[in-house]
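Next come the chains, spelled out residue by residue.
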Amino acid sequence: TVAFLHDPLALAVVFDRSFITMQRLCLQPAIVDGSFRLVPSTDARELEVAVAVDAPRFVEFLLQRLLRLS
């Protein structure tokens, strides 16, 4: 089973950006097979995008914080 923890990760990144790797990419919005996507384009604005997550370190961080609440 896989759990995607997007909201907790977004909040954690506010305090510690080292959980993610950022990259500047030229992307434009598009609908691809009925789903919203950001696709590469030389005509698009450059955006700063999270391209990788240190998931094991983030999960450990989150668990430590949650365990302190009990």
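Scroll up to find the structure.
Notes on the structure in this doc start here. (Residues numbered from 1 in each chain as written. Predicted model: local features only at pLDDT ≥ 70, side-chain atom pairs only at ≥ 80, totals over all residues. Heavy atoms only, no water.)

1. Here's the deal with the environment of Thr21
Consideration 1: Here Thr21 shows up in strand S1 (residues 20-32).
Consideration 2: Beyond its immediate chain neighbours, meaning those up to four positions away, Thr21 contacts Val49, Ala50, Val51 and Ala52. (Helix = DSSP H or I, 4+ residues; strand = E, 2+ residues; numbered from the N terminus. Contact = heavy atoms within 4.5 Å.)

2. Things to note about helix H1 (residues 6-15)
Consideration 1: Taken together, the buried positions of H1 are occupied by Leu9, Ala12 and Val13. Taken around the axis of H1, the buried residues stretch over an arc of 105°, which confines them to a single face. Exposed residues pointing more than 90 degrees away from the buried face of H1 are listed as Asp7, Leu11, Val14 and Phe15.
Consideration 2: On its buried side, H1 packs onto S1, strand S3 (46-53) and helix H2 (55-68). (Buried < 20%, exposed > 50% of the residue type's maximum accessible area, 1.4 Å probe, protein only. Arc of directions from axis to C-beta.)

3. Here we look at unusual backbone geometry
The general pattern is negative phi for most residues beyond glycine and trans for most peptide bonds.
Consideration 1: Its identity as a non-glycine residue notwithstanding, Asp33 has a phi of 50°, on the positive side.
Consideration 2: Owing to a relative accessible area of 81%, Asp33 belongs among the exposed residues under this scheme.

4. Some words on the pattern of salt bridges
As a working rule, side chains carrying opposite charge can pair if their charged atoms are close by.
Consideration 1: All told, the structure shown has four salt bridges when counted by the stated rule.
Consideration 2: Between Glu46 and Arg24 there is a salt bridge, with the nearest N and O atoms lying 2.8 Å from each other. Residue Glu46 is found in strand S3, and its partner Arg24 is found in strand S1; the two are separated by 22 residues along the sequence.
Consideration 3: Put simply, Asp54 and Arg57 hold a salt bridge, and the shortest N to O gap is 3.4 Å.
Consideration 4: We classify Asp54 as partly exposed; its relative accessible area is 33%. (Salt bridge = Lys/Arg side-chain N within 4 Å of Asp/Glu carboxyl O.)

5. Overview of the packing of H1 against H2
Consideration 1: Across the interface, H1 lies against H2 with an axial gap of 11 Å and an inter-helix angle of 90°. Between H1 and H2, the crossing angle belongs to the class labelled roughly perpendicular. On H2, the residues that touch Pro8, Leu9 and Ala12 of H1 are Phe58, Phe61 and Leu62.
Consideration 2: Partitioning the contact of H1 with H2 into residue classes produces six nonpolar, no polar and no charged. (Axes fitted to C-alpha atoms, helices over the stretch in contact; angles between N-to-C directions. Parallel < 35°, antiparallel > 145°, perpendicular 65-115°, else oblique. Nonpolar A, V, L, I, M, F, W, Y, C, P; charged D, E, K, R; others polar.)

6. Looking at the side chain of Ser41
Consideration 1: Tracing the chain through its elements places Ser41 in the loop between strand S2 (35-40) and S3.
Consideration 2: For Ser41, a relative accessible area of 17% gives the class buried.
Consideration 3: In this structure the side chain of Ser41 is engaged in a polar contact, spanning 3.4 Å, whose partner is the side chain of Gln28.
Consideration 4: Beyond its immediate chain neighbours, meaning those up to four positions away, Ser41 contacts Cys26 and Gln28. (Polar contact = N/O pair within 3.5 Å; in protein donor to acceptor, adjacent residues only side chain to side chain.)

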